[in-house]
Amino acid sequence: MALIEELDQQGNFLFRWRSYIPGFILLLCLYSLSRFEFLEDSYEINLYYAAACFAVSLLGLAVRCFVIGYAPARTSGRNTKEQVADVVNQEGIYSLVRHPLYLGNFLMYLGPVLYFRDVPLLIVFSLFFGFYYERIMFAEEKFLRDKFGQDYLNWADKIPAFIPKFSGYVKPKLSFSFRNILKREYPSLFGILVIFVVFDYAASFKVGFGDWMEPWTVITEPQIWAFGIGAAFYTIVRVIVKTTKWLVVEGR
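Residues numbered from 1 in each chain as written. Predicted model: local features only at pLDDT ≥ 70, side-chain atom pairs only at ≥ 80, totals over all residues. Heavy atoms only, no water.

**Regarding the overall build of the chain**
Helix and strand counts for the chain come out as 8 helices and 0 strands. Sequence-ordered secondary structure for the chain, helices as α and strands as β, is α-α-α-α-α-α-α-α. For the chain, with 252 residues in total, the buried portion stands at 42%. Within the chain, contacts between residues separated by at least 24 positions form 83% of all contacts whose residues are at least 6 apart in sequence. Within the structure as shown, the chain displays about 14100 Å² of accessible surface, and the carbon and sulfur contribution to it stands at 67%. (Helix = DSSP H or I, 4+ residues; strand = E, 2+ residues; numbered from the N terminus. Buried < 20%, exposed > 50% of the residue type's maximum accessible area, 1.4 Å probe, protein only. Contact = heavy atoms within 4.5 Å. Areas by Shrake-Rupley, 256 points an atom, 1.4 Å probe, with all protein chains shown as cover.)

**Overview of a nonpolar patch on the surface**
On the surface, a cluster of nonpolar side chains totalling about 380 Å² of accessible area is made up of Phe13, Trp17 and Tyr20. Secondary-structure assignment places Phe13 in helix α1 (residues 3-16). With relative accessibility at 44%, the residue Phe13 sits in the partly exposed group. (Patch = residues over 30% accessible without salt bridge, like charges linked within 9 Å, V, L, I, M, F, W, Y side chains within 5 Å. Salt bridge = Lys/Arg side-chain N within 4 Å of Asp/Glu carboxyl O.)

**A short note on the nonpolar core**
Burial of nonpolar side chains together is a common tendency in soluble globular proteins. Ile21, Tyr109, Tyr115, Phe116, Phe125 and Tyr133 are the most contacted members of the largest nonpolar core, which has 51 residues in total. Ranked by residues supplied to this core, first place goes to helix α5 (residues 119-148) with 10 residues. Setting aside chain neighbours within four positions, we find Phe116 in contact with Cys29, Ser32, Leu33, Phe36, Leu121 and Phe199. (Core = buried A, V, L, I, M, F, W, Y, C linked by side-chain atoms within 4.5 Å.)

**Considerations on the packing of aromatic side chains**
Enumeration according to the criterion identifies 26 aromatic pairs in this entry. For the ring pair Phe36 and Tyr115, a centre distance of 5.3 Å and an interplane angle of 10° mean the geometry is stacked. Taken together, the residues Phe36 in the loop between α2 (21-31) and α3 (43-70) and Tyr115 in helix α4 (residues 100-115) connect sequence positions 79 residues apart. Owing to a relative accessible area of 2%, Phe36 belongs among the buried residues under this scheme. The exposure class of Tyr115 is buried, given its relative accessible area of 1%. Seen in terms of ring centroids, Phe116 and Phe199 are 4.9 Å apart; in terms of plane orientation they differ by 70°. Their pairing is edge-to-face. With a gap of 83 residues between them, Phe116 in the loop between α4 and α5 and Phe199 in helix α7 (residues 178-208) connect regions that are remote in the sequence. For the pair formed by Phe116 and Phe199, the shared burial category is buried. Here a set of aromatic residues connected by ring pairs shows up, and it is made of Tyr102, Phe106, Tyr109, Phe125, Phe128, Phe129, Tyr132, Tyr133 and Phe162. (Phe/Tyr/Trp six-rings, centres within 6.5 Å; stacked < 30°, edge-to-face > 60°.)

See below:
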């Protein structure tokens, strides 16, 4: 098999399993827990640092939301079985970068990695992400090139793949849809919250030498509030999505 076909095959395989990458990164992060200490030996100071890391993840989610808010139907989706694209999306953030969703994913996953202040972990994460998503992006671009031909190539010649440019923004023709964001991205927000709550609990347990027989003794008030609000938000939106059409937007 020629290398181009092999890379395409690998990319399409990884594309189908891309939703599980957070699990691998989570395991990597928990491995670093054995060397973890609170920043300046203070839970409060460490909590501020955790909030800064959480903000990095929220920035990644904001990038994803910006994409989804303007995305037409059958583009920028969560499909996993096969590549889907009815048009080459060249407006909005796609006029600045070709793979904005994966840029958003990188920032979302970067937040939890930064929490552990572990340079080897950061390097391994970056290499893993680059290897994993490079092949997915290769497969996606081959699909788009084969389907749309020169129209795709003309766009790709002008737009960087991953690191965005900061000029030449093209305003989308579609209006911004907050309902479409809620419908498609509510699991991402809850997932980020859960990861940070779990990490903060694990760190508190490790640093505070929690009792394995009474693990609830190191649960903190910020953990309870963050998880409680996140779980309530997730439950309410999921019920709306599954039982109503309030978040259905025509053409999205």
